[in-house]
Amino acid sequence: MVSFETRERRTAVAFVTPAITVIAMVALVPIALTFWEALHSHDLRLPWLGRPFVGFDNFAEAAGDGRFQAAFVRTIVFALVTVPIEIACGVALALVMHSAIRGRAFVRAAALLPWAVPTVVAALVWRFMFDGQAGVVNVPLRAVGMMEAGFDWFVGPLTAWVPIALADIWKSTPFVAVLVLAGLQTIDTSLYEAAAMDGAGRVRQFFTITLPLLRPVLVVATAFRALDALRLFDLAYVLTGGGPGSSTEPLSLYAFIALLQRLRFGYGSAISIAVFLLTLGFALLWVRALGRTLEGDR
Amino acid sequence: MIAVRAVIVGALLFPLYWMLVASFTTEARLFEAPSLVPTAISLEHYRALFDTRDFLVPVRNSLVVAGFTTIFVIPIAALCAYALARMPFRGKRLLLALVLAVSMFPQISIVAPLYLGLRTLGLLNTYPGLVLPYLTFSMPLAIWLLTGFFRHFPRELEEAAMLDGASRFRALREIVLPLAAPGLASTAILTFLYCWNEFLFALSFTLGPERYTVPVAIALFRGRYQVPWGEVLAGAIVATIPVVILVLVFQRHIVAGLTAGATKG
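Residues numbered from 1 in each chain as written. Chains lettered and ligands numbered in written order. Predicted model: local features only at pLDDT ≥ 70, side-chain atom pairs only at ≥ 80, totals over all residues.

## Examining the overall build of chain B
Convention followed: A helix here means a DSSP run of H or I that spans at least four residues, while a strand means a run of E at least two residues long, and both kinds are numbered starting from the N terminus. Any residue with 12 or fewer other C-beta atoms within 10 Å of its own C-beta is exposed, any with 20 or more is buried, and the rest are partly exposed; the C-beta atoms used are placed from the backbone.
In terms of helices and strands, chain B carries 13 helices and zero strands. If you list the helices and strands of chain B from N to C, you get α-α-α-α-α-α-α-α-α-α-α-α-α. Projecting the C-alpha coordinates of chain B onto the three principal axes gives extents of approximately 75 × 60 × 30 Å. Taken across its 265 residues, chain B has 47% of its residues classed as buried.

Here is the structure:
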């Protein structure tokens, strides 16, 4: 007779095995294969050259490749600029949603829509709004004289980032807001009543009660957003195609071009690994920082 | 406060509103000064979309791929999530961390081996050739959401059933699953949404319009001289309609799913 605990353990293993097998097959094995592929020279357009092992040559090439370096810096700067804005706007939006008594469901639905819309759709809409002479953003700017006739957002290497960043902020702020709202709802309202009795104003209450209690949620939201920003692809591909030139090309897009347009699978894999290591590095740093703040609380 | 709220809702909805208005505006008027309120409604772009562009093909492709992925993922993820939430076994925390880590994988980092593998298997440009890659993000997502959900589920009922001699599997099937329907539904909706919206894998593993999903089809629309904005935006509206319906009908479930996964770690 097998004991209850043993039977439970066996059942648990049986329950998790199918899912783990799937995850191993479609995610873990492939990531290992990408590493392996990155150690080879493999050009699908030159199949007669085969797939010779070249060690870290592809990584060395990337390190010396100006386009790679620029894409690497761009990806990090994009995350550093958009994520704090999204967190701040997300908190503001959550506070508004929280304070709404009537019409809360309406505001929540309005907030969920940009988040749920396909990223490609978001990219197209923002491209259209900034496009050419008739773009709905451009007409009023020109009318009040803030924009010269003939100005085109997508021609300037820096201005082309504006619609990308705005589309990202528009789409991601609601996600942050939904998480923060859940955090707000767990805060005991008697804390605010006590603070009000002691004469603390709204602003003071926000900084001494709300913000500290929201910290765990904000840490999670920042991690989700940063990891998403570091793998930016859809918006750049659809909004600008990485242009003008390659001035709005993030790492994921450069890897995609190396892989599926130039068919350089070895080199493209090395760039993909760089994206992977970038997100992994951020995640490890974040977990460490998180561990330290949690210890600080004790 | 009401004014603030109106401005915020306006900012959130304006791009979608503008897309809707533009999709009903004739091509000629589209490039004049835009008017905020539609003056005349034209269906020309929608007609062109379905008559000359055969837009039903990508719609069908997206429905098939997202549907099959969801149907395949939910039962497997539910079993795993139930064990993670309820049963004792070694390496549980490690497994949960692994699931979360995989859900954070940058998709581009596995495009190369998936492409080569699908090519070897002859699955490029097929439905299974998209369903399989979609498991990489949908499986961890569903496990993560459902684990959060099962944790909040009262234990007493299944424990009573098991004291009466029911096996774990029977308790799960007959007691837990029927009661878990809302959680399973919200997870299925979110899984479907993620598949419906996915772009990079569909762009990488389809080769022609006959297998494009909706996002790929509208992203690759090209006119003879310039972007055919009217048709592009009409296509974008079609891509957005199922999303809007799901969000409006299931917004409570979606919020519950999102926050269960993210705030209770």
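## Structural notes on the interface of chain B and chain A
Stated precisely, the cut-off is as follows: Think of it this way: build a C-beta for each residue from its backbone, and any pair within 7 Å is a contact.
In this complex, chain B contributes 74 residues to the contact, which on the side of chain A involves 72 residues. Broken down by element, the side of chain B that touches chain A gets its largest block of residues, 17 residues, from helix α13 (residues 229-263) of chain B.

## Details of the packing of helix α7 (residues 161-185) of chain A against helix α9 (residues 202-230) of chain A
Each pair of packed helices can be described by the angle between their axes along with the distance between the axes. Residue and element names in this part refer to chain A. Inclusion rule: All axes here are fitted lines through C-alpha atoms, helices being fitted over the stretch that makes contact, and every angle between N-to-C directions spans 0 to 180 degrees. Should an angle fall under 35 degrees it is taken as roughly parallel, and over 145 as roughly antiparallel, whereas 65 to 115 is taken as roughly perpendicular and any remaining angle as oblique. In a left-handed crossing the near helix is turned counterclockwise from the far helix by less than a right angle, and in a right-handed crossing that turn is clockwise. Only Asp, Glu, Lys and Arg are considered charged in this grouping, and only Ala, Val, Leu, Ile, Met, Phe, Trp, Tyr, Cys and Pro are considered nonpolar; every other residue, Gly among them, is considered polar.
Across the interface, α7 lies against α9 with an axial gap of 9 Å and an inter-helix angle of 155°. By the criterion of interaxial angle, the relationship of α7 to α9 is roughly antiparallel. Here the hand of the crossing between α7 and α9 comes out right-handed. Where α7 approaches α9, its residues Ser172, Val176, Leu179, Val180 and Gly183 are matched on the opposing element by Leu214, Val217, Val220, Ala221 and Arg225. For the contact of α7 with α9, the residue count by class is seven nonpolar, two polar and one charged.

## Brief notes about the confidence of the model for chain B
Heads up, the condition is: Looking at any residue, its pLDDT shows the predictor's confidence there, from 0 to 100.
Scored by pLDDT, chain B comes out at a mean of 87, with 96% of its residues at no less than 70. Both scores are given for the predicted complex: the pTM is 0.92, the ipTM 0.92.

## Describing unusual backbone geometry
The peptide bond linking Gly243 of chain A to Pro244 of chain A adopts the cis configuration, its omega dihedral lying at 0°. As for its position among the elements, Pro244 of chain A is in the loop between α10 (234-239) and α11 (251-261). Positive phi, normally seen in glycine, also occurs at Leu263 of chain A, with a value near 60°. Looking at where Leu263 of chain A falls in the secondary structure, it is placed in the loop between α11 and α12 (265-297). In this structure Leu263 of chain A comes out as partly exposed when scored by C-beta crowding, with 15 C-beta atoms within 10 Å. Not every positive phi belongs to a glycine, and Asp54 of chain B is a case in point at roughly 55°.

## Focus on helix α6 (residues 111-120) of chain B
Most of α6 of chain B sits out of view: seven of its 10 residues are buried. Phi turns positive, to about 70°, at Gly122 of chain B, one or two residues after α6 of chain B.

## So, the domain arrangement of chain B
Residue and element names in this part refer to chain B. Let me state the cut-off plainly: An automatic or database domain assignment provides the domain bounds reported here.
As far as domains go, chain B holds domain 1 (1-42) and domain 2 (55-263). One C-alpha centre belongs to domain 1, the other to domain 2; they are set 32 Å apart. When residues of the side of domain 1 that touches domain 2 are traced back to their parent elements, those giving at least two are α1 (2-23) and α2 (27-30).

## Section: the confidence of the model for chain A
Detailed conclusions should not be drawn from predicted coordinates in areas where pLDDT is low. Of the residues in chain A, 97% have a pLDDT of 70 or more, and the chain-wide mean is 89. Here helix α6 (residues 138-143) of chain A stands out as the element of chain A with the lowest mean pLDDT, 82, in contrast to α11 of chain A, whose mean of 96 is the highest.

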